[in-house]
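Overview (structure and organization)
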Amino acid sequence: MVGQSDPKTAPVTCTEPKLIPRSEHSISRKQFSPNAIKVLYRLKDGGYDAYLVGGCIRDILLGIEPKDFDVVTNATPEQVKKLFRNCRLIGRRFRLAHIVFGREIIEVATMRGHHQGQDSKNPISQSSEHGQLLRDNVYGTIEEDAERRDFSINALYYSVNDFSIHDFANGIEAIKERKIELIGDPETRYREDPVRMLRAVRFATKLNMQIAPATKSPIKELAALLSNIPPARLFEETLKLFLNGKAEENYHMLREMGLFKQLFPTLDAIIEQSDSGFESRFIAQMFANTDQRINADKKVTPAFVYAALLWFPLLKRSEQLQQQEQMPVFDAFAQAMNQVLAENSQHIAVPKRFTLGARDIWHIQMRLDKRSGQRAYRLSQQPRFKAAYDFLLLRVESGENEQQELADWWTNYLKQDINGQKEMVKSLPSQEAGKPRRRYRRKPKKKPQSND
């Protein structure tokens, strides 16, 4: 019985909503996107119920400027599309309507109902043998929709009818206590959608909150369920974790909960087996630098992040090919790149435009010490050179001291004008300059034989 459970570990349930009138909360319509307000009123004028829901309400209550505005309604996606010419329907697992206003998209979801069991033949509701929802186009009431929300802080609904907030799962109280808690039985909810484990981590670091004990306790045991998630979806989730300005905190929490192992198994094993701790320092430093750039409104490419995350698996595989297959260094490195990227794609499907960038960064690492003649200049003109140079600095910053002299040389080289760069190349030690290129003479063409 829920009433007899420890309140600290009892599942959070939805009850009759607490109605918080306009006079008792600080949210104003001026804090919402004008386009979101337009969507709400057009749905209302069309005879439908409509609410702003979830993250935008939560963030405003926390004093954070919301980035996205999500609307929930009792209109079906097809009915929404009839009201908006600028609407497109997306999604298979759960059908959504996107209302497009230039660069801004207002996402409109139909209120969800309770799905049927895995044995059901209902084509709009299907779950796997692990309890994961595969298809979930089941519509219901606002009360059912609140029960289907993942965390209590997201079960907050703002109505334009009377400007009140409907709180179904004590979300206001959870915000005050800075607590991330799942609605319903945590194990069941994680089995329905294992990505919720990643979302719990992301919300905890993003909002500076603690994951409630009942929500946190099943994660280690259920972490392996992430293997059932499509690799393309996991790529999107990792971008949210690593490019939100809290990547370093997310990295440490993911490792603590056994989730990082499911995303990057080879790297996690290398970190666990390391005696020096260099690999973990390297990854943590990369994420710290990434956070610093993002919080300074500078660009970060996923190519750099994934080049770093797969760097040690790449080095290990290259070394294995050199030893076991007797491959030359460059051949082993090239083949290791193909193998590591192929293996990673089984867990996380990184788009080709980013894997190509990672390849360039890796290739340049192998060429940074080849600086004689025109090599340094030509290398510095490569499109990915700046990223590769930053990668070298990261290696040194993390403790790869043997690369310090090379990093200092390139740092000084990039500060020079063209004449200064030529002098630096001329000043390289003779062994650094390399052997002169051997010139091959062309063999003379044979004269055509005469038929005489």
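Everything below is about the structure shown above.
This report concerns the structure included in the present document. No experiment lies behind these values; they were computed from the predicted model shown. (Residues numbered from 1 in each chain as written. Predicted model: local features only at pLDDT ≥ 70, side-chain atom pairs only at ≥ 80, totals over all residues. Heavy atoms only, no water.)

**Focus: the pairing of strand S6 (residues 104–110)**
The test is simple: When DSSP finds at least two bridges between two strands, those strands are taken to pair. Where helices and strands are cited, they refer to DSSP runs of H or I of at least four residues and of E of at least two residues respectively, numbered from the N terminus.
Pairing between strand S3 (residues 70–73) and S6: four bridges, direction parallel. Its bridge partner being in S6, Asp70 is matched across the sheet by Glu107. Between the end of strand S5 (residues 96–101) and the start of S6, which pair antiparallel, lie two residues, with Gly102 showing a positive phi angle near 60 degrees.

**Thoughts on the pattern of salt bridges**
Put simply, the rule is: Any carboxyl oxygen of Asp or Glu that lies within 4 Å of a side-chain nitrogen of Lys or Arg is treated as forming a salt bridge with it. Only protein chains enter the area calculation, which uses a 1.4 Å probe; residues under 20% of their type maximum are buried, those over 50% are exposed, and those in between are partly exposed.
The full count for this structure, using the stated rule, is 20 salt bridges. Between Arg149 and Asp145 there is a salt bridge; the shortest N-O distance is 3.0 Å. According to the relative accessible area criterion, Arg149 is buried, its value standing at 14%. Note that Arg317 and Glu343 form a salt bridge whose closest N and O atoms lie 2.9 Å from each other. Residue Arg317 is located in helix H16 (residues 311–324), and its partner Glu343 is located in helix H17 (residues 329–345); the two are separated by 26 residues in the primary sequence. One connected set of salt bridges, linked through shared partners, spans Arg112, Asp145 and Arg149.

**Focus: helix H1 (residues 34–45)**
Note that an α-helix has 3.6 residues per turn; residues three or four places apart therefore point the same way. For the record, the criterion: An expected span of 1.5 Å times one less than the residue number is assigned to each helix. Every residue pair with non-hydrogen atoms within 4.5 Å of one another is taken to be in contact.
With twelve residues, H1 extends 16 Å from end C-alpha to end C-alpha; this agrees with the ideal 16 Å at 1.5 Å per step. Regarding H1, the residues found buried are Asn35, Ala36, Ile37, Val39, Leu40 and Leu43. The elements touched by buried residues of H1 are strand S2 (50–53), S3, helix H3 (77–83), S5 and S6. Gly47 sits one or two positions beyond H1 and adopts a positive phi of about 95 degrees.

**Details of the sheet that holds strand S1 (residues 18–20)**
Applied cut-off: Structural elements are reduced to axes, namely lines fitted to C-alpha atoms, with helices fitted over the stretch in contact, and the angle between N-to-C directions of any two is expressed from 0 to 180 degrees.
Strand order in the open sheet formed by eight strands is S1-S10-S9-S2-S3-S6-S5-S4, and the pairing between neighbours is mixed. Sheet topology places S1 and strand S4 (87–90) at the edges, where each strand pairs with a single neighbour. If you compare each strand with its neighbour and ignore which way they point, the axes differ by 30 degrees on average. Note: S4 against S5, four bridges, orientation antiparallel. Within S5, the residue paired with Leu89 across the bridge is Ala97. Of the strands in this sheet, S2, S3, S5 and S6 are in contact with H1, which crosses S6 at around 35 degrees.

**Digging into the pairing of S3**
Bridge count for S2 against S3 is four bridges, and the pairing is antiparallel. Within S3, the position partnered with Ala50 by the bridge is Thr73.

**Concerning the packing of helix H15 (residues 302–309) against helix H20 (residues 385–397)**
We apply this condition: Just so you know how the angles are binned, under 35 degrees is roughly parallel, over 145 roughly antiparallel, 65 to 115 roughly perpendicular, and the rest oblique. Left-handed is the label given to a crossing in which the near helix is rotated counterclockwise from the far helix by less than a right angle, and right-handed is the label when the rotation is clockwise.
Where H15 meets H20, the closest approach of the two axes is 11 Å, and the angle between their N-to-C directions is 40 degrees. Put simply, H15 runs oblique to H20. Note that H15 runs across H20; the crossing there is right-handed. Every residue of H20 that contacts H15 at Phe304, Ala307 and Ala308 is listed here: Ala387, Asp390, Phe391 and Leu394.

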